[in-house]
Amino acid sequence: MHFAQYYLDCLSQASYLIGDETTGRAVLVDPRRDIDDYLQDAAAAGLGIELVIETHVHADFLSGHLELARATGATIAFGEAARTGFPIRRLRDGERIFLGEAGNGGSGGVTLTVLATPGHTLESLCLVVHENPDDPVPFGVLTGDTLFVGDVGRPDLLSAAGHSPHDMAVRLHHSLHTKLLTLPDATRVFPAHGAGSACGRSLSTETSSTIGDQRRLNYALQPMPVAEFVRLVTAGQPATPGYFAHDAALNRDGHPLLDADEPPALTLEEALAARDQQGAVLLDCRPLASYTRAHLKGSLHTSLDTRFAEYAGSVVAPGTPIVLLADPGKEREARLRLARIGYDHVLGHLPDPAAVLDREPALVRHSHRVRPEELPERWRQLAADDSGTDVTTASGTGSGMGTAVGTGTGTAAGTATGTVAGSGTGGEGATATATATATGSDAGGRFPRAQLVDVRNPAEYAAGALPGARSIPLATLPDRITELDPARPVVLYCRSGNRSVIAAALLEARGFGDVCDLEGGYEAMAGT
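Residues numbered from 1 in each chain as written. Predicted model: local features only at pLDDT ≥ 70, side-chain atom pairs only at ≥ 80, totals over all residues. Heavy atoms only, no water.

Considerations on the overall build of the chain
Part 1 of the reasoning: Regarding its fold elements, the chain presents 16 helices and 29 strands.
Part 2 of the reasoning: Counting every position in the chain, which comprises 528 residues, the buried fraction comes to 53%.
Part 3 of the reasoning: A separation of at least 24 residues holds for 69% of the contacts in the chain among residues at least 6 apart in sequence.
Part 4 of the reasoning: Of the roughly 20,700 Å² that the chain leaves accessible, carbon and sulfur atoms contribute 50%. (Helix = DSSP H or I, 4+ residues; strand = E, 2+ residues; numbered from the N terminus. Buried < 20%, exposed > 50% of the residue type's maximum accessible area, 1.4 Å probe, protein only. Contact = heavy atoms within 4.5 Å. Areas by Shrake-Rupley, 256 points an atom, 1.4 Å probe, with all protein chains shown as cover.)

What follows is the structure, encoded as structure tokens:
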């Protein structure tokens, strides 16, 4: 048997090439759009790809089933419940796919068994892999988005189509317990995603496991009533990036084939005209430090050093024309990574953005970042504006000196009660202070002028947040931006200071005049 896992870190996505070396027959499972690696590896192993199997209609990336079908003539297959805009083979529960001699009247060889496992989606399936059809213990099982290492698939992605998260979670529980958990403990588990994916809440960094280990260690597989399982898997899921519905539709209905050519070079005048006349987004994908030091006014940001495509799909609407601002030599990579989520409308790129910024200082903006030790003073400055907002100090004692932003309720005299969050270095019994805004019923307490926004995911916020922060996850910010007042200062933070810069760029591009973010994020603040 030839078995290869292809793991794409930037999307936390896994695909699989499985073949029988005796017959040369192979299948590819959950492929991405750029298919050259698969084709080269299959050719080197003497394999012909006959079937492309999708474990479900993916929402987090644009799959390569159409590209592979065009390149190899392979048939595209989905679960029986799938409804697509192109011809497919529908795989039934219990169906066996013989890649070895058993498929030609013989008795052995690589065999796949289809398990219908609805829950994440209606058409979800898993594939049990045997090196020989009669082996008592399978080689492994490809679990798609039904079972991850450390988690299970989220059941809420079909809510817009009228399927409640509760009902899908009940289906998921049934699929896990009547299908996957009946496999031997030694069966290897190969999921479609790993840590960082928005398709689940607690995915492990490990890209494979075993049924036995997941039975013991996976929180969602522990013995519990169905109602408790439903409660667990429907709570605290990551915010869904805006491009998910777009990708699901393209994967179901069809999409143009990949164009991976380098985008054309544009002059600054052409780039600005594209923005002003076509509504194009200027997407700065240079490293974070380069962007914060100097960037074009109105540009958005998400670095190629991070989850570039996912974050771009969180702040740029599908179908929006894009002009790339990338370091020299990175333009093709940026275009390809956007294409992996179906963002194909790249008009071109601005060569050497740093040099352009040096030549055009009037168009340059600099990000305003606040270090953790500066935040309390920054908050005092923002609160003590000409509207008369009162700023009150709340005190507590501890073993070290620390600072944090706090909120509290106050009286007309301006006193406040608040929670002091923070620890650090200092003498025994040192006092920790927190700036708290007093809110009262008369002129002695007014609402704070500044807006503190946490752009992390709901589970991160629930585990601990800066006092007074409003939770608006990055993926929901474009739709919830009207909840913020562009005339008032905004302070943004995330876990480590990356998503907050992306959010700050979006607010600045939408006309917010006073935006800063917390350098190092919540982690750095907690360590002060």
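Here's the deal with unusual backbone geometry
Part 1 of the reasoning: A positive phi angle, near 50°, is found at serine 12, a position not held by glycine.
Part 2 of the reasoning: You can see serine 12 is positioned in the loop between β1 (2-8) and β2 (13-20).
Part 3 of the reasoning: Non-glycine residue aspartate 352 carries a positive phi angle of around 50°.
Part 4 of the reasoning: Position of aspartate 352 relative to the elements: it lies in the loop between β19 (346-349) and α11 (353-359).
Part 5 of the reasoning: Residue classification places aspartate 352 among the partly exposed positions, given a relative accessible area of 35%.

Some thoughts on the sheet that holds strand β8 (residues 111-116)
Part 1 of the reasoning: With mixed pairing, six strands are arranged side by side in an open sheet as β7-β8-β9-β10-β13-β14. Since the sheet does not close on itself, it has two edges, and those belong to β7 (96-98) and β14 (209-210), each with one partner.
Part 2 of the reasoning: The pairing of strand β13 (residues 188-191) with β14 spans two bridges and is classified as antiparallel. Paired with valine 189 across the strands is serine 209, a residue of β14. (Pairing = 2+ DSSP bridges.)

Structural notes on the side chain of serine 209
Part 1 of the reasoning: Inspection of the secondary structure assignment puts serine 209 in strand β14.
Part 2 of the reasoning: Looking at serine 209, its side chain comes within polar contact range of the side chain of glutamine 214, at 3.0 Å.
Part 3 of the reasoning: Excluding anything up to four places from it in sequence, serine 209 contacts Val149, Thr187, Arg188, Val189 and Gln214. (Polar contact = N/O pair within 3.5 Å; in protein donor to acceptor, adjacent residues only side chain to side chain.)

Section: helix α3 (residues 165-178)
Part 1 of the reasoning: Between the first and last C-alpha of α3 there are 20 Å, a value that for 14 residues agrees with the 20 Å anticipated at 1.5 Å per step.
Part 2 of the reasoning: Taken as a whole, α3 has its buried residues at Met168, Ala169, Leu172, His173, Ser175 and Leu176. Down the axis of α3, the buried side of the element spans an arc of 165°, and every buried residue falls inside it.
Part 3 of the reasoning: Considering only its buried residues, α3 is in contact with β8, β11 (147-148), β12 (151-152) and α5 (226-234). (Expected span 1.5 Å × (residues − 1). Arc of directions from axis to C-beta.)

Examining the environment of valine 152
Part 1 of the reasoning: Note that valine 152 resides in strand β12.
Part 2 of the reasoning: Along the sequence, valine 152 and proline 191 sit 39 residues apart, while their C-alpha atoms lie 9.8 Å from each other.
Part 3 of the reasoning: Excluding residues within four positions of it along the chain, valine 152 makes contact with Thr146, Leu147, Leu172, Leu176, Cys199, Gly200, Ala220, Leu221, Phe229 and Val233.

Re the sheet that holds strand β27 (residues 470-471)
Part 1 of the reasoning: Ordered in space as β21-β29-β28-β26-β27, the five strands form an open sheet in which the pairing is parallel. Each end of this open sheet is capped by a strand with a single partner; those strands are β21 (369-370) and β27.
Part 2 of the reasoning: Here strand β26 (residues 451-454) pairs with β27 via two bridges, running parallel. The partner of valine 453 across the bridge, within β27, is arginine 470.

Structural notes on the pairing of strand β9 (residues 125-130)
Part 1 of the reasoning: The buried count for β9 comes to six of six residues, which makes it a mostly enclosed element.
Part 2 of the reasoning: Side-chain alternation along β9 places Leu125, Leu127 and Val129 on one buried face and Cys126, Val128 and His130 on a second face that is also buried.
Part 3 of the reasoning: Relative to β9, β8 is paired through six bridges, and the arrangement is antiparallel. Considered in β9, the bridge of threonine 113 is made with valine 128.
Part 4 of the reasoning: In the sheet, β9 pairs with strand β10 (residues 140-144) via three bridges, with the strands oriented antiparallel. Residue pairing for β10: valine 129 is matched across the bridge by glycine 140.

Re the pattern of salt bridges
Part 1 of the reasoning: Applying the stated criterion across every chain, the model contains 27 salt bridges.
Part 2 of the reasoning: The residue aspartate 93 makes a salt bridge to lysine 179 at a minimum N-O spacing of 3.4 Å. Of this pair, aspartate 93 sits in the loop between β6 (89-91) and β7 while lysine 179 sits in the loop between α3 and β13, placing them 86 residues apart in sequence.
Part 3 of the reasoning: Residue classification places aspartate 93 among the partly exposed residues on the basis of a relative accessible area of 45%.
Part 4 of the reasoning: Two residues, aspartate 284 and arginine 286, come together in a salt bridge whose shortest N-O distance is 2.8 Å. The pair aspartate 284 / arginine 286 is uniform in exposure class, with both members buried. (Salt bridge = Lys/Arg side-chain N within 4 Å of Asp/Glu carboxyl O.)

Examining helix α2 (residues 65-72)
Part 1 of the reasoning: Among the residues of α2, those classed as buried are His65, Leu66, Glu67 and Leu68.
Part 2 of the reasoning: Looking at the packing, one finds that the buried side of α2 touches β3 (25-29), α1 (36-44), β4 (48-53), β5 (75-79) and α6 (244-253).
Part 3 of the reasoning: Downstream of α2 by a residue or two, glycine 73 has a phi angle that is positive, lying close to 80°.

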